[in-house]
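Remarks on the overall topology
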Amino acid sequence: MLAVGTAVIGSLQFGYNTGVINAPQKIIETFINETWFERYQEPIPETSLTSLWSIAVAIFSVGGIFGSFSVGLFVNRFGRKNSMLMANVLAFVAAILMGFSKMSSSWEMLIIGRFVVGLYSGLSTGFVPMYVGEVAPTALRGALGTLHQLGIVVGILMAQVFGMESIMGNAGLWPYLLGFTFIPAVLQCILLPFCPESPRYLLINKNEENKTKSVLKKLRGTTDVSADMQEMKEESRQMMREKKVTIPELFRSPLYRQPIIIAIILQLSQQLSGINAVFYYSTSIFEKAGVAQPVYATIGAGVVNTAFTVVSLFIVERAGRRSLHLVGLLGMAGSAVLMTIALSLLEKLKWMSYVSIVAIFSFVAFFEIGPGPIPWFIVAELFSQGPRPSAFAVAGFSNWTANFIVGMGFQYVQALTGPYVFIIFTAFLLTFFVFTYFKVPETRGRTFDEISTGFRQSAATGGEKHSPEELNSLGDDSQL
């Protein structure tokens, strides 16, 4: 638990920096305006202010796109643990840039800091699920994999609470609110040296058998780790026969094509569900809904977010990944329709403001049952050690790109469509439901070999011939 808990600090950082920019929007806009006036002796034009604010929000996702695509450069060269340790340099740099932006009268420092912390978060969304998936025993793979999402939602909730005006969301303390990312980074740097490296990395990539045994004994709490060792040696033998899988090969080979498409669509189902639209603009949505204290309603949504991630943690190994994802998508679609009705009738019926709050809370709850946690760790279950880093890079890139598109486009689409904006997300959710129902296999309790056999049979029915290297690469390891 120390290893997983320490790794998940990276997830918490991602969540915190996603949510932290929401509450102090007006205060930071005032800072930009004042700085502009100091420089040019005139108030900032409204369009320039909107542009600078949008850049400050969206540049985080741009950093995430670059960071997620760089995951493969680190994990095989430096190991999973050392990669997480090195990434904290970016968190320190970002904290300094954002924390001192007001003192330096520089919105440029704020924007660059947001980009750098985005880079860090992009790397973390690859490093953390990969490390957790590789240290977890098969029976707990889903539950421990959900901890990555729990870290994210706890980070969002912390950002919402700290962002209250009475705590740090005020004109004097907002630089500390953004620079807070320094503290979890220090904590992770202290704890990581006490955590073991991924046993799969040690044996398969580094061929250090004795070190792998001692790490497994620590992780499993038993002296008999022969089953784990045998399983990893089998995967290692397959690795010896397989060629290194590059990102283009994931798409070119029919053997990898189906699992990588599933991985991408599941990541898109997370971001294009509309959840980030709710969190980026939650305060303004509650204001439009006529809530007197929107900040408390936003924190309420964060509490629901966290609570249902804990629920998912306990039921994912019982109910299964596919079932929970389907329930989550359908529940979110129903909640989005309810939200649309409530927001469109708000002018005529004041009590609809309460319906809109219930709809947002149920939207968030259903998200955390399925589309929130499952796409992150299912990527590790669909690929063996060889293609896994490339697959994580592609999946992370897809997730962050969709995040960026929603972050940049939501306010403009909302201006055009008004209360009917969530109908667009409903259409996406129903599309993802149909795809999941027909294409996504259940991976709960199945060994990797069982999962991969299904993909192999599917590729074989396509009538294309594959090299032995490709067949081995998709998987003959007995479990993840």
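Okay, so let's go over this structure.

The rules behind the values
- Counting restarts for each chain, with residues numbered from 1 along the sequence as it is written.
- Local features in a predicted model are, by the rule used here, given only for residues with pLDDT of at least 70; side-chain atom pairs are given and counted only at 80 or more, and totals for whole chains, interfaces and linings are based on all residues.
- The side-chain values count all of the structure's non-hydrogen atoms but skip hydrogen atoms and water molecules.
- Elements are defined by DSSP. Helices are runs of H or I of four residues or more, strands are runs of E of two residues or more, and each kind is numbered from the N terminus.
- Between buried and exposed lies partly exposed: a residue is buried under 20% and exposed over 50% of the maximum accessible area for its type, with that area taken using a 1.4 Å probe on protein chains only.
- A residue counts as positive if it is Lys or Arg and as negative if it is Asp or Glu; His and the chain ends are not included.
- Salt bridge, as applied in this entry: a Lys or Arg side-chain nitrogen positioned within 4 Å of an Asp or Glu carboxyl oxygen.
- Definition of a polar contact: a pair of N or O atoms within 3.5 Å, with one able to donate and the other able to accept a hydrogen when the atoms are protein atoms, and with sequence-neighbouring residues admitted only if both atoms are side-chain atoms.
- For this analysis, residues touch if any pair of their heavy atoms sits within 4.5 Å.
- What goes into a patch is any residue over 30% in relative accessible area without a salt bridge, connected to like charges within 9 Å or, for nonpolar side chains (Val, Leu, Ile, Met, Phe, Trp, Tyr), within 5 Å.
- For the area figures, the Shrake-Rupley method with a 1.4 Å probe applies, and any residue is considered shielded solely by the protein chains shown.
- The term nonpolar core refers to a set of buried residues drawn from Ala, Val, Leu, Ile, Met, Phe, Trp, Tyr and Cys, joined through side-chain atoms within 4.5 Å.
- Only a pair of cysteine sulfur atoms within 2.5 Å qualifies as a disulfide here.
- Convention adopted: a line fitted to C-alpha atoms gives each axis, helices being fitted over their contacting stretch, and angles between N-to-C directions are expressed from 0 to 180 degrees.
- Any angle between 65 and 115 degrees counts as roughly perpendicular, while under 35 counts as roughly parallel, over 145 as roughly antiparallel, and the rest as oblique.
- When the near helix sits turned anticlockwise from the far one by under a right angle, the crossing is termed left-handed; a clockwise turn instead gives a right-handed crossing.

So, on to the side chain of K81. Tracing the sequence through the fold places K81 in helix 6 (residues 80-99). Buried and without a salt bridge, K81 has E197 as its closest oppositely charged side chain, separated by 6.4 Å. Among the polar contacts made by the side chain of K81, one reaches the main-chain carbonyl oxygen of C195 at a distance of 2.9 Å. When near neighbours in sequence (up to four residues on either side) are disregarded, K81 contacts L192, P193, C195, P196 and E197.

All right, on to a nonpolar patch on the surface then. The grouping of L2, I96, F100, M103, F182, I183, V186, I190 and F194 at the surface amounts to a nonpolar patch, some 910 Å² of accessible area in total. The element that contributes the greatest number of residues to the nonpolar patch is helix 10 (residues 182-191), accounting for 4 residues. Residue class for F100 comes out partly exposed when judged on its relative accessible area of 41%.

The subject of this paragraph is unusual backbone geometry. The backbone phi angle of S105 is positive, close to 50 degrees, even though this residue is not glycine. Positionally, S105 belongs in the loop between helix 6 and helix 7 (107-135). Judged by its relative accessible area of 26%, S105 falls in the partly exposed class. The residue N207 is not glycine, and still its phi comes out positive at about 60 degrees.

Right, let's talk about the environment of N276 for a bit. Mapped onto the elements, N276 comes out in helix 16 (residues 275-280). Separated by 257 residues in sequence, N276 and G19 have C-alpha atoms that sit 9.3 Å apart. When near neighbours in sequence (up to four residues on either side) are disregarded, N276 contacts Q271 and N403.

This brings us to the pattern of salt bridges. This structure, assessed with the given rule, holds 11 salt bridges. Close ionic contact of K211 with E208 constitutes a salt bridge, the shortest N to O distance being 3.5 Å. The exposure class of K211 is partly exposed, given its relative accessible area of 46%. The closest approach of N and O atoms between R321 and E317, which form a salt bridge, is 3.2 Å. Judged by its relative accessible area of 1%, R321 falls in the buried class. Overall, the relative accessible area of 21% leaves E317 in the partly exposed class. Linked by salt bridges that have partners in common, R141, E317, R321 and E381 make up one network.

Looking now at the nonpolar core. Counting residues in hydrophobic clusters, the biggest one holds 71 residues, and the most contacted among them are I28, I32, W107, L178, M339, F363 and F422. Here F363 is in contact with S273, G274, I275, V278, M332, S335, A336, M339 and L429, once residues within four sequence places are set aside.

It is worth spelling out the state of the cysteines at this point. A full pass over the atoms with the stated rule returns 0 disulfides. Sulfur of C189: no disulfide; nearest cysteine sulfur belongs to C195 and is 12 Å away. Residue C189 is classed as partly exposed on the basis of its relative accessible area of 25%.

Between helix 15 (residues 254-271) and helix 22 (residues 388-417), whose axes approach to 9 Å, the crossing angle comes to 30 degrees. As judged from the angle between their axes, helix 15 and helix 22 are roughly parallel. Taken as a pair, helix 15 and helix 22 cross one another with a handedness that is right-handed. Where helix 15 abuts helix 22, its residues I260, I264, Q267, L268, Q270 and Q271 lie against A391, V394, A395, S398, N399, A402, N403 and V406.

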